[in-house]
Amino acid sequence: MSNVPVITVDGPSGTGKGIICSYLADWLQWHFLDSGALYRVLALAAEKHHINSDEEAKLVNLAENLNVEFEVAGAGSLVNVLLDGEVATDDIRTETCGNAASVIAPIAKVRKALLSRQRAFHEPPGLIADGRDMGTVVFPEATLKIYLTASAEERAKRRYKQLKEKGINANLRDLSAAIAERDERDSTRAASPLKAAEDAIVIDTSSLDIDAVLANISELVRNTVPGLQK
Ligand code: DC
């Protein structure tokens, strides 16, 4: 599969990764791996089976046998995430589920169990991979590696706005604290910590709107992916 291009987009949540990745997958008509969704589904499955975050062997077993499906409508457009055949799309998007995912994600054996599932997304004509360790661990040979950052304050503001728009009550201070806590956990863990690959292009989106980030990345893609007719 080494001739099938992969673009990795890593970074903490709230940097615009999700929207940028779906745009890229749609533009290029490539596959899309939302690796965070996989960790979130695992956290949801653990809750469903009453498995605690310290029950490592059970979590590894669950990860190895996770019955998850990503329903897509064409390349790039994720429609639904199914756990054991049931729609879990909205359930995995809550703050609680994101935090629970971040708590079980440091377990090295859990990460290993999810590795081949993630690599299975690497199919022609190409893959956009969204996560924390896409460029460092899962696809170290990626064609283009992008690392998005933004200040914790700006990310908390974006999240606050998103939640308000959805009619969900939120408190900016609590959100900031939760974001800082999750960043700390994701970047200080021993197994595949959140960090930019040495050969990643780092883009700070704190003072950029989404169109500016997209214009920047589209240009990088045009200059990096061989034979692209875009
Ligand atoms: O991107 P997200 O917010 O959906 O991810 C939820 C959590 O899953 C994140 O806080 C850490 C974990 N995660 C990970 O450890 N590695 C990835 N490649 C993606 C997510």
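The structure under discussion appears in the preceding block.
Residue numbers run consecutively from 1 along every chain, following the written order of its sequence. Residue-level local features of this predicted model are given only where pLDDT is at least 70; pairs of side-chain atoms are given and counted only at 80 or more, and the full residue set underlies all totals for whole chains, interfaces and linings. To obtain the side-chain values, all non-hydrogen atoms of the structure were used and water was disregarded.

**Considering the overall build of the protein**
Turning to step 1, where the next piece is worked out: When you go through the protein residue by residue, the secondary structure sums to nine helices and eight strands.
Turning to step 2, where the next piece is worked out: Rg of the C-alpha trace for the protein: 17 Å, near the compact-globule value of 17 Å for 230 residues, within the 12% margin.
Turning to step 3, where the next piece is worked out: Seen through its C-alpha atoms, the protein measures out along the principal axes to roughly 50 × 40 × 35 Å.
Turning to step 4, where the next piece is worked out: Of all 230 residues assigned to the protein, the portion counted as buried reaches 46%.
Turning to step 5, where the next piece is worked out: The long-range fraction of contacts in the protein, counting pairs at least 24 apart against all pairs at least 6 apart in sequence, stands at 74%.
Turning to step 6, where the next piece is worked out: We get accessible surface area from the Shrake-Rupley algorithm with a probe of 1.4 Å; when it comes to residues, only the shown protein chains can shield them. As presented, the protein carries roughly 11,500 Å² of accessible surface, and 50% of it is formed by carbon and sulfur atoms. Numbering goes from the N terminus for both helices and strands, where a helix is a DSSP run of H or I of at least four residues and a strand is a run of E of at least two. Radius of gyration: over C-alpha atoms. The globule rule applied is 2.2 Å multiplied by the number of residues raised to the 0.38 power. Buried means the residue's accessible area, taken with a 1.4 Å probe over protein chains only, is under 20% of the maximum for its type, while exposed means over 50%, and partly exposed covers the values in between. In this analysis, two residues are considered to be in contact whenever any of their non-hydrogen atoms come within 4.5 Å of each other.

**Here we look at the packing of aromatic side chains**
Turning to step 1, where the next piece is worked out: The criterion for an aromatic pair is that two Phe, Tyr or Trp rings (for Trp, the six-membered ring) have centres within 6.5 Å, with stacked assigned to planes under 30 degrees apart, edge-to-face to planes over 60 apart and tilted to the rest. Here the structure, examined in full by the defined rule, presents two aromatic pairs.
Turning to step 2, where the next piece is worked out: With 6.3 Å between their ring centres and 20° between their planes, tyrosine 23 and tryptophan 27 make a pair best called stacked. Of this pair, tyrosine 23 and tryptophan 27 both sit in helix H1 (residues 17–28), separated by four residues, roughly a single helical turn.
Turning to step 3, where the next piece is worked out: On the basis of relative accessible area, tyrosine 23 is assigned to the partly exposed category, the value being 35%.
Turning to step 4, where the next piece is worked out: With a centroid separation of 5.7 Å and 75° between ring planes, the pair formed by phenylalanine 70 and phenylalanine 121 is classed as edge-to-face.

**What to know about the packing of H1 against helix H9 (residues 210–224)**
Helix packing geometry: the angle between the two helix axes and the distance between the axes.
Turning to step 1, where the next piece is worked out: Convention adopted: a line fitted to C-alpha atoms gives each axis, helices being fitted over their contacting stretch, and angles between N-to-C directions are expressed from 0 to 180 degrees. Where H1 meets H9, the axes come as close as 11 Å, and the angle between the chain directions of the two elements is 45°. By the angle between their directions, the pair H1 and H9 is classed as oblique. Considering only the axes of H1 and H9, their crossing is right-handed. Contacts between H1 and H9 involve Ile19, Ile20, Tyr23, Leu24, Trp27 and Leu28 from the first element and Ile210, Val213, Leu214, Ile217, Ser218, Val221 and Arg222 from the second. Put simply, angles under 35 degrees are roughly parallel, angles over 145 are roughly antiparallel, angles from 65 to 115 are roughly perpendicular, and the rest are oblique. Should the near helix be turned anticlockwise from the far one by less than a right angle, the crossing is left-handed, and should it be turned clockwise, the crossing is right-handed.

**Here we look at the side chain of arginine 189**
Turning to step 1, where the next piece is worked out: As for its position among the elements, arginine 189 is in the loop between helix H8 (172–188) and strand S8 (201–204).
Turning to step 2, where the next piece is worked out: Judged by its relative accessible area of 8%, arginine 189 falls in the buried class.
Turning to step 3, where the next piece is worked out: Any N or O atom pair separated by 3.5 Å or less is treated as a polar contact, with the protein-specific requirement of one donor-capable and one acceptor-capable atom, and with residues adjacent in sequence counted only for side-chain atom pairs. Only 3.0 Å separates the side chain of arginine 189 from the backbone oxygen of alanine 191, close enough to count as a polar contact.
Turning to step 4, where the next piece is worked out: Residues in contact with arginine 189, not counting those within four places in the same chain, are Ala105, Pro106, Arg111, Arg132 and Leu194.

**Focus: the site of the ligand**
Turning to step 1, where the next piece is worked out: If even one non-hydrogen atom of a residue comes within 4 Å of a molecule or strand, that residue is called near it. Not every one of the 17 residues close to the ligand is listed here, only the nearest: Arg40, Arg111, Arg132, Arg182 and Arg189.
Turning to step 2, where the next piece is worked out: Within the side chain of arginine 132, one N or O atom sits 2.8 Å away from an oxygen atom of the ligand.
Turning to step 3, where the next piece is worked out: Here an oxygen atom of the ligand sits 2.8 Å away from a polar atom, N or O, in the side chain of arginine 182.
Turning to step 4, where the next piece is worked out: Out of a free accessible area of 450 Å², the ligand has 96% covered by protein chains.
Turning to step 5, where the next piece is worked out: Counting only elements with at least two residues in the shell around the ligand, the list comes to helix H2 (35–48), helix H4 (95–104) and H8.
Turning to step 6, where the next piece is worked out: For the shell around the ligand, the leading source of residues is H2, giving four residues.
Turning to step 7, where the next piece is worked out: Here the term charged refers only to Asp, Glu, Lys and Arg, the term nonpolar to Ala, Val, Leu, Ile, Met, Phe, Trp, Tyr, Cys and Pro, and the term polar to all other amino acids, Gly among them. When its residues are assigned to classes, the shell around the ligand shows four nonpolar, five polar and eight charged.

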